[in-house]
Amino acid sequence: MPNIIVTPLAELKKRSSSKWRRFAPDVLPMHVAEMDYEIDEGIKKLLLEKVTNSDLGYTGPMPEVADGFVKFAERLWGWHPDAKQVRLSTDVGVSAVEIFRALGDKGDRVVINSPVYHSFFDWIAEVEMLVHDVPLVRAETDWQLDLVALENAFKLGPKFYLICNPHNPLGKVYTQAELATVADLAKHYNVTVISDEIHAPLTYVNTDFVPYLKVSQSAKETGICITAASKSFNLAGLKASIIVTDAAQMHERLAKLPAALHWRSGLLGAFAMAEAFSNAGSWLDSAISANLESRELLSQLVADQLPKVKMWIPDAGYLAWLDISELNLGDNPAAKILSEQKVAFVPGPDHGEDYKDYLRINFACHPDSLRRAVLALAAYAN
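Predicted, not measured: the structure shown is a model, and the values here were computed from it. (Residues numbered from 1 in each chain as written. Predicted model: local features only at pLDDT ≥ 70, side-chain atom pairs only at ≥ 80, totals over all residues. Heavy atoms only, no water.)

**Focus on unusual backbone geometry**
Trans peptide bonds make up most of the peptide bonds, and negative phi angles are found at most residues other than glycine. As a reminder, the rule being used: In this description a helix means any DSSP run of H or I spanning at least four residues, a strand means any run of E spanning at least two, and both kinds are numbered starting from the N terminus. Whether a residue is buried, partly exposed or exposed follows from its accessible area with a 1.4 Å probe, protein chains only, as a fraction of its type maximum: under 20%, in between, or over 50%, in that order.
With an omega of 0°, the peptide bond running from Asn 165 to Pro 166 counts as cis. Note on placement: Pro 166 falls in the loop between strand 7 (160–164) and helix 8 (176–189). Of note, the amide linkage connecting Asn 168 to Pro 169 takes the cis form, showing an omega dihedral of 25°. When you line up the elements, Pro 169 lands in the loop between strand 7 and helix 8. Although it is not a glycine, Glu 128 adopts a positive phi angle of roughly 60°. Residue placement: Glu 128 occurs in the loop between helix 6 (119–126) and strand 4 (130–133). The exposure class assigned to Glu 128 is partly exposed, which follows from its relative accessible area of 47%.

Dropping the structure here:
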């Protein structure tokens, strides 16, 4: 792969993140949503300077984060959020949980759309709320949001709608029209929309990402964006994210959030996020380019070696969703592959109980890793 940010496997194995420690050394990890890339040099320099200067105290005022994000959103999406409505938080999971606690009560219903990021289920359970699943509808080239079913769900009085845009694991980017309808429904039925937009900066150039809060006045009044630089710039371990609103009333509602959210974020993470939003645009372009190459390679490998496996081409991010039902791998395909082929995928049921015959694969990796992962599946293709 010509893109120089991709790290060879031998170097990756020296890393200490969960991706490289969760399984035995002979297992190829294709599960955790982090990219096997070198981080931006400007971010690296900033972090080294902070450590060299022993500048590792508590996180204080961070105007750099809000200013950087506003300029980033304007540049990428033509969205002009209010810097005064950007709050610092630990990560998007903590943000969602604390928003649930601040604005809801135990037993409230939260609407989601499976198959969806497995942590959504955990966040809802943590606050003792109830999942109301409105599954996406499978189609040949995409999975569609069932707006009729969504309205029927909203009629039942849920407190929240937790939406993943771009979608994990599908890489689906919702359209302006879809989000406008969601916003109108949310306003009519008094549902608060929490939009997880953490994968948005990695949208491919042929697709337009639309931030929920940019969609309409109804979206501003009903919506809260939770996001971070962690997925798009490979900074997950630094623990910093943001909560963004774009309407005065919603901003005031979030005054119930604990002030400690700010202080529980990492100083290094906050500065790294500010640097990413402000100055790492060239690196982001390189990451998208590398992801595109990997996406095309994965598509070709699946077509050539796994003709019975269905793959949906993502419009954003570096995750792919595979239907492996024709491989007939039993009740727990991911466990079987891990045991016999020493390759770790995310099991389909992690994204919803009805997805036993699916897998999620992370393709932001060296092409050799991708080839090995597909060979692991191809072992069952005959």
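**A look at the environment of Leu 202**
Along the chain, Leu 202 turns up in the loop between strand 8 (192–196) and helix 9 (217–222). Once the C-alpha coordinates of Leu 202 and Ala 219 are considered, the two residues, 17 residues apart in sequence, prove to be 22 Å apart.

**With respect to the pairing of strand 15 (residues 358–362)**
The following threshold applies: Any two strands are treated as partners once DSSP identifies two or more bridges connecting them.
In terms of residue burial, strand 15 counts as a mostly covered element, since five of its five residues are buried. Side chains Tyr 358, Arg 360 and Asn 362 project from strand 15 onto one buried face, and the interleaved Leu 359 and Ile 361 project onto a second face that is buried too. In terms of strand pairing, strand 12 (residues 319–323) meets strand 15 through five bridges, oriented antiparallel. In the sheet register, Asp 323 faces strand 15, and the bridge partner there is Tyr 358. Two strands pair when backbone bridges link them, and strand 14 (residues 346–347) and strand 15 are joined in this way by two bridges, in the antiparallel orientation.

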